[in-house]
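For reference, the chains in residue letters:
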Amino acid sequence: MKIEEFDVIIVGAGLSGLRAGLELSSKWNTAIISKVYPVRSHSGAAQGGINAALGNLEVSKDDTPKGHAFDTVKGSDYLADQNVVMFMCEEAPKIVIEFESMGAPFSRLESGLIAQRPFGGAGFPRTCYAGDRTGHTLLHTLYEQCIRNNVAFFDEYFLIDLIKANEKIVGIITLDIPKGEFVIFRAPYVILATGGFGRIFKHSTNALINTGDGNGAAFRAGVPMQDCEFVQFHPTTLYGTNILITEGARGEGGLLYNTEGDRFMSKTAPKAMELAPRDIVARAIDIEVIEGRGFENAYVHLDVTHLGAEKIKERLPGIREISINFAGLDPIDELIPVQPGQHYSMGGIATKYKGDFGETDLSGLYVIGECSCLSVHGANRLGGNSLLETSVFGRAIGRNLLKKGLIQLPPLDEIKKAEVNALNVIENLLKQWENNSGKKPVEIRDAMGETMNRNVGVFRKQEELEKAYEDLKKLQKEFLNVHVRTTDLKFNYGVLRTLELRNMLDIAEVTAYAALWRKESRGAHYRWDYPKRDDGNFLSHSLVYRTKDGLELKKKDVILGIFEVKERVY
Ligand SMILES: Cc1cc2nc3c(=O)[nH]c(=O)nc-3n(C[C@H](O)[C@H](O)[C@H](O)COP(=O)(O)OP(=O)(O)OC[C@H]3O[C@@H](n4cnc5c(N)ncnc54)[C@H](O)[C@@H]3O)c2cc1C
């Protein structure tokens, strides 16, 4: 079997993996592994922008990192760790200027400064953007820089499992997708940057590759998942396909209407209106539909016609293209049908309480970006803060590790034993899958998506969450007998989808389990049966572990700070 050795292995070539790789490759032999070609990573789909208190507009000249941090903590329904938020917001202006100096072509104001637009839950217009293709722009910029720094890229390699010896990470086992060969990567540090896991839901704005592979691998290695009950449903996804219609559309002045022609946000958020945080707008839309003021009992209208053709073509070209191609309408003179759809995972792989940024309980393993839970978004993420998180913490983790220096790996014979074990596990699994006589992976995957959508959605209640949890336990059992027609490994997407399903089932189960435990409503987690926030019992993070008897949940303290915990009013 092929073995590659590096100082650090990064799994994931989205913004977070690339930013960490760029930093680390200045001194260390750095590998970035990705199951897709790097610039096809999901970061490239990000539309609206990246937040930084630059104060480039006259109206935002009083904006500060502290103001940004306050909005983030309030938006998180006070569940974000305030020290981490403060760091991110202070670094934000520096990271955006750094992108600019690397050549990222941001949209500009008349003054020549980077353009900024209003976004939900923000006190000032602070979202910097490149039209409505910000992620694409930043991803290509970082990829070019990584190539310049001689990062070793392993494209189309699939992470299967982590390898640990003596309670320390020593590497990973991967599949070289085109060759169909297993390859082991050995290193004292592994950084998981594998992105979100929105595809555990049937309807999502996420790419099909967002399957939580890093989360599954970490969970199997004993690392807990944190705050997975908090799932962001973006208020405006295109009715039918659930393709994202960026918050930037409302930031530019887009308005929401029900069947009665009312701007219904005036009832829920009279001040912020369409620019209230996403959890609030998503619920308001669903309420209109539930109470019979939605079109076709399913959606409301987003109106950008008053912005005019010129502004739409300049600032929202992607949204126009999506509307024309996928809904057959031109938003220059027609209304866009929108409904909430799964979009982002606030939770993810748990990081150490008061450890270094991204450090996990497994020595040498770091996590970053959407797969992780650095506790920066708490119970609800503000738009524009995720691109920021990926790059700020990508750089920070890189810098911290370089400072820390390389560490000794356990004795070689221990490592080799662990590698052989990892290989045996996967080879046995493949044999089993081929010999089994149960369901096809796609049947289990569809059932998982259905139950998640139906029972763990925008509004939740005990019976439905119990139903989801029971369904998922049943699907886990069915997965033990899943049948894969051939396990010949060359470009075998049947095997890859099954490996992904193995990860998704675990994370879906954790999500339903944590949502059952949290008997309160906070941020994106709304329960009909517990409609109030309950700080006395639940101002805590959830940590879910897999034990031999099933799942187990523990509480973890929220790191509070200068912002007092209050009711959220917008
Ligand atoms: C449609 C859309 C629009 C968005 N717009 C915005 C926005 O405007 N502003 C904002 O702040 N946020 C936005 N977000 C959120 C933001 O884009 C993401 O959270 C962020 O880009 C995630 O970056 P990442 O580096 O964590 O992961 P990703 O960019 O998803 O990258 C994950 C990487 O991991 C690799 N990988 C995964 N599994 C494996 C495996 N098994 N083996 C090997 N490699 C693997 C993938 O190949 C990929 O390279 C948006 C999200 C969506 C869905």
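Criteria and thresholds
Residues numbered from 1 in each chain as written. Predicted model: local features only at pLDDT ≥ 70, side-chain atom pairs only at ≥ 80, totals over all residues. Heavy atoms only, no water. Helix = DSSP H or I, 4+ residues; strand = E, 2+ residues; numbered from the N terminus. Expected span 1.5 Å × (residues − 1). Buried < 20%, exposed > 50% of the residue type's maximum accessible area, 1.4 Å probe, protein only. Contact = heavy atoms within 4.5 Å. Near = heavy atom within 4 Å. Polar contact = N/O pair within 3.5 Å; in protein donor to acceptor, adjacent residues only side chain to side chain. Areas by Shrake-Rupley, 256 points an atom, 1.4 Å probe, with all protein chains shown as cover. Nonpolar A, V, L, I, M, F, W, Y, C, P; charged D, E, K, R; others polar. Core = buried A, V, L, I, M, F, W, Y, C linked by side-chain atoms within 4.5 Å. Phe/Tyr/Trp six-rings, centres within 6.5 Å; stacked < 30°, edge-to-face > 60°. Lys NZ or Arg CZ within 6 Å of the ring centre and 35° of its normal. Pairing = 2+ DSSP bridges. Axes fitted to C-alpha atoms, helices over the stretch in contact; angles between N-to-C directions. Arc of directions from axis to C-beta. Domains from an automatic or database assignment. Buried area = accessible area lost by both parts, 1.4 Å probe. Salt bridge = Lys/Arg side-chain N within 4 Å of Asp/Glu carboxyl O.

**Q** Which parts of the structure should I look at to understand helix α4 (residues 134-148)?
**A** Helical geometry note: an α-helix holds 3.6 residues per turn, so side chains three or four residues apart project in the same direction. Under the 1.5 Å per step criterion, the end-to-end length of α4 is 22 Å for 15 residues, consistent within 8% with the ideal 21 Å. Among the residues of α4, those classed as buried are Thr134, Gly135, Thr137, Leu138, Leu139, Thr141, Leu142, Tyr143, Gln145 and Cys146. Summarising the contacts, the buried residues of α4 are in contact with α1 (15-24), β4 (50-51), α3 (82-102), β6 (127-128), β7 (152-155) and α11 (385-404). Asn150 sits one or two residues past α4 and shows a positive phi near 60°.

**Q** When you look at the site of the ligand in this model, what are you seeing that I'm missing?
**A** Every one of the 38 residues lining the ligand counts as a neighbour, but Ser16, Ser41, Ser43, Glu370 and Ser386 are closest to it. At 2.7 Å from an oxygen atom of the ligand is found a main-chain nitrogen or oxygen belonging to Gly48. In the complex, 98% of the free accessible area of the ligand, which totals 1000 Å², lies under the protein chains. The set of elements that each furnish at least two residues to the shell around the ligand consists of α1, β3 (30-34), β8 (157-165), β16 (336-345) and α11. With four residues, α11 is the largest single contributor of residues to the shell around the ligand. For the shell around the ligand, the class distribution of residues is 14 nonpolar, 20 polar and four charged.

**Q** Quick question: what am I supposed to make of the nonpolar core here?
**A** When a protein is soluble and globular, its nonpolar side chains tend to lie buried together. Ranked by internal contacts, the top residues of the largest apolar core, which has 84 residues, are Ile9, Leu162, Ile172, Phe185, Leu192, Ile426 and Met448. With 14 residues, the single largest contributor to this core is helix α15 (residues 493-517). Aside from chain neighbours lying at most four places away, what touches Phe185 is Glu4, Phe6, Ile9, Ile33, Phe154, Tyr157, Val170, Gly171, Ile172 and Thr174. Core analysis: the next-biggest nonpolar cluster, separate from the first, contains 53 residues, Ala52, Tyr143, Ala396 and Leu401 among them.

**Q** Would you explain the packing of aromatic side chains in this entry?
**A** Each aromatic ring pair is characterised by the separation of its centres together with the angle its planes make. Applying the stated criterion across every chain, the model contains 23 aromatic pairs. Aromatic pair Phe6 and Phe154: ring centres 5.7 Å apart, planes at 85°, arrangement edge-to-face. A residue pair is termed long-range when its members are at least 10 positions apart, and Phe6 in the loop between β1 (2-5) and β2 (8-11) and Phe154 in strand β7 qualify at 148 residues. Taken individually, Phe6 and Phe154 each receive the classification buried, so the pair is uniform in this respect. Judged by centre distance (5.8 Å) and plane angle (35°), the ring pair of Phe87 and Phe393 falls under tilted. Remark: Phe393 occurs in helix α11 and Phe87 occurs in helix α3; sequence separation between them is 306 residues. A network of ring pairs unites the aromatic residues Phe6, Phe154, Tyr157 and Phe185 as a single cluster. It is Lys74 that lies over the ring of Tyr570; its NZ or CZ is 4.3 Å from the centre. Geometry around Tyr545 places Lys554 over its ring, the cationic atom sitting 4.6 Å from the centre.

**Q** Can you help me understand the sheet that holds strand β9 (residues 168-176) in this one?
**A** Sheet strands associate in pairs through backbone hydrogen bonding, adopting either a parallel or an antiparallel arrangement. The sheet built from four strands is open, its strands ordered β1-β10-β9-β8 with mixed pairing. Only two strands of the sheet have a single partner each, and these edge strands are β1 and β8. Taken pair by pair, the neighbouring strands of this sheet meet at an average axis angle of 25°, ignoring direction. Those strands touched by helix α12 (residues 412-435) are β1, β8, β9 and β10 (181-186), and its axis lies near 150° from that of β10.

**Q** How should I be thinking about helix α10 (residues 317-327) in this particular structure?
**A** Three or more residues of α10 are buried, namely Gly318, Ile319, Ile322 and Ser323. Summarising the axial view, the buried residues of α10 lie within an arc of 135°, below the 170-degree limit, and thus occupy one face. Of the surrounding secondary structure, the elements contacted by the buried residues of α10 are β13 (231-238) and β16. Positioned one or two residues after α10, Gly328 has a phi angle of 65°, which is positive.

**Q** What is the right way to look at the domain arrangement of the protein in this model?
**A** It is common to report an interface's size as the accessible area lost on association of the parts. Parsing the protein into structural domains produces domain 1 (235-340) and domain 2 (413-535). Between domain 1 and domain 2, the contact holds seven residues from the first and six residues from the second. Of the roughly 490 Å² buried between domain 1 and domain 2 on both sides combined, carbon and sulfur atoms contribute 77%. Interface area lost by domain 1 to domain 2 is led by Asp279, Arg283 and Asp286, which between them contribute 69%. Applying the counting rule to domain 1 against domain 2 returns zero salt bridges. Here domain 1 is connected to domain 2 by one residue pair in polar contact (both at pLDDT 80 or more). A per-element tally of the side of domain 1 that touches domain 2 places helix α8 (residues 278-290) first, with six residues.

**Q** Before we go on, may I ask you to explain the sheet that holds strand β23 (residues 550-557) in this structure?
**A** If you walk across this open sheet you meet the five strands as β19-β17-β12-β22-β23, and the pairing is mixed. One side of each edge strand has no neighbouring strand; the edge strands of this open sheet are β19 (372-373) and β23.

**Q** Would you explain the side chain of Asn51 in this entry?
**A** Inspection of the secondary structure puts Asn51 in strand β4. Classification of Asn51 by relative accessible area gives buried; the value is 4%. A polar side-chain atom of Asn51 sits 2.9 Å from the main-chain carbonyl oxygen of Gly383. A polar atom in the side chain of Asn51 sits 3.0 Å from the side chain of Asn385. Aside from chain neighbours lying at most four places away, what touches Asn51 is His68, Ala92, Arg126, Thr127, Gly383, Gly384, Asn385 and Leu388.

**Q** Explanation requested: the pattern of salt bridges in the structure shown.
**A** Counting across every chain of the model gives 54 salt bridges. A salt bridge links Asp213 to Lys35; its shortest N-O distance comes to 2.8 Å. Here Asp213 is found in helix α5 (residues 213-220), whereas its partner Lys35 is found in the loop between β3 and β4, with 178 residues between them in sequence. Residue Asp213 is classed as buried on the basis of its relative accessible area, which comes to 7%. The partner of Asp176 in a salt bridge is Lys179, with the nearest N and O atoms 3.9 Å apart. Among the residues examined, Asp176 registers a relative accessible area of 4% and is labelled buried. Here Lys179 falls in the partly exposed class, since its relative accessible area comes to 46%. Beyond isolated ion pairs, a larger network of salt bridges with shared partners links Asp77, Glu229, Asp279, Arg283, Arg518, Glu520, Arg522, Arg533, Asp535 and Arg568.

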